[in-house]
Amino acid sequence: MALAHGPETRHHRLPAVLRAPVEARTWREFGHLLLGLPLSVLYFALSITMVSLGAGLVVTFLGVPLLAAALVMCRAFGTVERARARGLLGVEIAEPAPVRGRPGGGLMGWVGGVLKSGESWRHFLYSVLHMPWAVFAFSVSLAFFTYGWGLLTYPLWRWVFPVYAGVDGIQLYGDGTHEFYLDSPVEVAVTSLTGLFFVLVTPWVIRALAGVDRLLVVGLLSPSRLATRVSELESDRGVVVDTAAADLRRIERDLHDGAQARLVALAMDLGLAKEKLLEDPEAASAMVDEAHGEVKLALAELRDLARGIHPAVLTDRGLDAALSAVASRCTVPVTVEVDLPTRPAPAIEGIAYFTVSELLQNVSKHSRASRATVDVWRVDDRLMLQVTDDGCGGADVTGGRGLAGLTERLDAVDGILAVQSPAGGPTTVVAELPWRG
């Protein structure tokens, strides 16, 4: 769920209490409360009737499908209510997941899925509970609104009473013997001031009532936390699979284009040297020397590739030594501070290492910085990483694949990446990972 936000907040000359009666928000929420009564009566009548009929006929073949149809109808009511809340209350609520029946179960499998769905029953509960609340909210909001504006404008329409009713004004008290009318200038002014008080209070009453409506819609018509979590895990699983596939392709490409190509050339050179060993020993010796150089280059490429998969220093000595090694290869001076009482889980440690490594590569390539710092510490059950540089700034999570890819990787393990990089710098990137030690 998310609240819709308007444009950037502006400074107003009038205080909020004076603006509220004429603000668009007040009128939208008032319209929501007025529209809620007829809709809730319709929801209540149809849902109670259909569910009661289905429950009464459950001993027959028709009862179960009828009960499922009633719940589907309630889910349709929920769609209308979410749209109404989105348009009038500014509340964005995700649609619940569609009902999934038993695979291969056909119509009865789908009916069973509807009846087992907790979201379907929460929609029915909303249809039942919202009706009494809508009656109360409608009555209170309409009473405050009509009395407030009616009394405030009393001096403008008071002429109606002597002309058409034969009395001097609103009757405030009457017992057959004594009658009291609001007709003197002072009484009219006091009446108008009372109306002004109600007009100023009414928007806040309406907002309070609309706030309860928001809670009902969000609490009963939004996807459950379990369903939301399942959806997040499915998305994260896809990210992890895609990332792993991309890493495998990168490793395969590096092996094929780098070390493998050198080893093939090395085998060919050694074969030629073997053939020339008896005929031209000096040429064979020169070819062996060249092959020796190729072996060194191939070993260096294999070490770099192994470091890119999982550096041995990280496994042996932990984040402090591994990040210091990464910082030593950065093109700008980097200060590394690691304050960890123990080591986190190996998977989290690896993600932290590659996150800092990627961020320092960005510093080297794009920041034009003169220095950078890396700080690593633990807060409760979270591992915190911070990389700061004094470069030109302008880094954006949505602007390129690097930071966006890091964000997806951290999301896959319930991590967070926050970037603060104004134009002109400095840039501060904070990553947060679960500890899982």
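This is a predicted model, so every value here is computed, not measured.

A.B. asks: Would you mind going over empty space enclosed by the protein in detail, with residue names and values included?
C.D. replies: Enumeration over the complete set of coordinates arrives at one cavity of 30 Å³ or more. Considering only enclosed or pocket space, the largest cavity measures out at about 60 Å³ in volume. Considering the residues around the largest cavity, the lining is formed by P21, T26, W27, F30, F145, W149, V199, T202, P203 and I206. At the level of secondary structure, the elements contributing two or more residues to the lining of the largest cavity comprise α2 (24-56), α5 (118-152) and α8 (185-221). Residue contributions to the lining of the largest cavity peak at four residues, all from α8.

A.B. asks: Residues and numbers for the pairing of strand β8 (residues 416-420), please.
C.D. replies: Of the pairings in the sheet, the one linking β8 to strand β9 (residues 427-434) comprises five bridges and is antiparallel in character. Bridge pairing links A418 to V430 in β9. Connecting the antiparallel pair β8 and β9 is a turn made up of six residues, with G424 showing a positive phi of about 95°.

A.B. asks: Go over α5, please, and point to the residues and values.
C.D. replies: Compared with an ideal rise of 1.5 Å per residue, which puts 35 residues at 51 Å, α5 spans 49 Å between its outermost C-alpha atoms and is within 8% of the ideal. Where α5 bends most, at H130, the angle is about 35°, and the proline P132 comes one to four residues later.

A.B. asks: Please give an account of the packing of aromatic side chains that cites residues and values.
C.D. replies: In total, this model carries ten aromatic pairs according to the counting rule given. Between F30 and F145, the aromatic rings sit 4.5 Å apart at their centres with planes inclined by 20°, giving stacked as the arrangement. Pair noted here: F30 is in helix α2 and F145 is in helix α5, with a separation of 115 residues, a long-range link. Relative to W157, the ring of Y154 lies with its centre 5.3 Å away and its plane at 80°, an arrangement referred to as edge-to-face. Of this pair, Y154 and W157 both sit in helix α6 (residues 154-157), three residues apart, which is roughly one turn of the helix. Every member of this aromatic cluster is reached through a ring pair, and the members are W27, F30, F145 and W149. In this structure, R378 is placed above the aromatic ring of W435, and the distance from its NZ or CZ to the ring centre is 4.2 Å.

Rules used throughout
- Residues numbered from 1 in each chain as written.
- Predicted model: local features only at pLDDT ≥ 70, side-chain atom pairs only at ≥ 80, totals over all residues.
- Heavy atoms only, no water.
- 1 Å grid on protein atoms, 1.4 Å probe; cavity = no way out; pocket = protein on both sides within 12 Å on 5 of 7 lines; lining within 4 Å.
- Points joined across faces, edges and corners; volume = space filled by probe spheres on them.
- Helix = DSSP H or I, 4+ residues; strand = E, 2+ residues; numbered from the N terminus.
- Pairing = 2+ DSSP bridges.
- Expected span 1.5 Å × (residues − 1).
- Bend = angle between axes of the 7 residues up to and from the residue.
- Phe/Tyr/Trp six-rings, centres within 6.5 Å; stacked < 30°, edge-to-face > 60°.
- Lys NZ or Arg CZ within 6 Å of the ring centre and 35° of its normal.

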